[in-house]
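# Geometric and topological summary
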Amino acid sequence: MNKTNPIGIFDSGVGGTSIFKEVHRLLPLEHIIYLADSKNAPYGERSAAEIMELSHKNTSKLVKAGCKLIIVACNTATTNAITYLRKTFDVPIIGIEPAIKPAALNSKNKVIGILATKGTLSSELFTKTSDLFTKNIEVIEVVGKGLVEAIEAGKENDPVTLKLLEKLLQPMLAKEIDYLVLGCSHYPYLIPQLKKLLPKKVNIIDSGRGVARQTKIVLKSLDLLNEEPQFKKPQFYTNKDIKVLAHLIEAGKNNFNVSYLDF
Ligand SMILES: N[C@H](CCC(=O)O)C(=O)O
């Protein structure tokens, strides 16, 4: 494998672009190929077998494109399929999981909230991690049903989305959480709306920076970190609508390539 080969990132749709941004910020010399499987979103309502099959399809595409490392920028795909992917593909694979550990360690109230998909919250991997770090912590888990669809449709500011968000936060507000963990890579696109609905003392955390840091560590350890000037623009492929994706990454302003691909 060559240092100049690309990093491959996939998500069930546009949400993983929140992870892409952190990786691109930390590793600007790396060429990145991003797959948005928006046609099959949301993954969070699918069975573990379906999530594995879709994750296999995406990883396979990126491996065939010569990617030197794959980032599963989807909590649902990571918690349901990463063990299988690592067994199946001979390429380093980095996943994303809800940042429960820092929230549990820093919570003063000892009450934290986790907003994630049904697929993530019901996975074995999530339950294991959560049990490990939340011994003396009350965890309020809420399935963000409908939020991925809203972001995929570019409706973050729609009154229906805001009402839904308000309803989903109710159980967490009632228990006075002081940390809200965003356990889905789509949700960082709702941070401005969440800030308006939550008291100031509530810290909102996601896993984007951690994934970027981990990517750098792994590439360095394998001597695969690119140090040459990079002239290739990040390439995004979607199998649905390019508009929302292009808007979220400000494609025009950033000079990123966004194309339609049937995958
Ligand atoms: N971005 C995915 C969304 C899952 C879905 O499509 O439901 C995640 O992090 O979980």
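Residues numbered from 1 in each chain as written. Predicted model: local features only at pLDDT ≥ 70, side-chain atom pairs only at ≥ 80, totals over all residues. Heavy atoms only, no water.

An unreviewed UniProt entry lists the protein chain under the name Glutamate racemase, with Haloflavibacter putidus as the source organism. UniProt's Catalytic activity (unreviewed entry) comment on the protein chain is quoted here verbatim: "L-glutamate = D-glutamate". (UniProt positions renumbered as here; feature names shortened; annotations may be inferred.)

## Let's talk about the site of the ligand
Taken together, 13 residues lie near the ligand, and Ser 12, Tyr 43, Gly 44, Thr 76 and His 186 sit nearest. Here Asn 75 contributes a backbone N or O atom positioned 2.8 Å from an oxygen atom of the ligand. One nitrogen or oxygen atom from the side chain of His 186 is found 2.8 Å from a nitrogen atom belonging to the ligand. When the free accessible area of the ligand is taken as 300 Å², the share hidden by the protein chains comes to 99%. Grouping the constituent residues of the shell around the ligand by class yields five nonpolar, seven polar and one charged. (Near = heavy atom within 4 Å. Polar contact = N/O pair within 3.5 Å; in protein donor to acceptor, adjacent residues only side chain to side chain. Areas by Shrake-Rupley, 256 points an atom, 1.4 Å probe, with all protein chains shown as cover. Nonpolar A, V, L, I, M, F, W, Y, C, P; charged D, E, K, R; others polar.)

## Description of the UniProt feature "active site" (unreviewed entry) in the protein chain
Residues annotated by UniProt as "active site" (unreviewed entry) correspond here to Cys 74 and Cys 184. A maximum C-alpha distance of 6.6 Å places the annotated residues, which cover 111 residues in sequence, within one compact spot. Summarising the element assignment, Cys 74 is placed in the loop between β3 (69-72) and α3 (75-88). Overall, Cys 74 belongs to the buried group, its relative accessible area being 4%. The residues touching Cys 74, leaving out its near neighbours within four places in the chain, are Phe 10, Asp 11, Ser 12, Tyr 43, Ile 96 and Ser 185. By secondary structure assignment, the location of Cys 184 is in the loop between β7 (179-183) and α9 (191-197). The contact partners of Cys 184, leaving out residues within four places of it in the chain, are Asn 75, Leu 115, Thr 117 and Val 148. (Helix = DSSP H or I, 4+ residues; strand = E, 2+ residues; numbered from the N terminus. Buried < 20%, exposed > 50% of the residue type's maximum accessible area, 1.4 Å probe, protein only. Contact = heavy atoms within 4.5 Å.)

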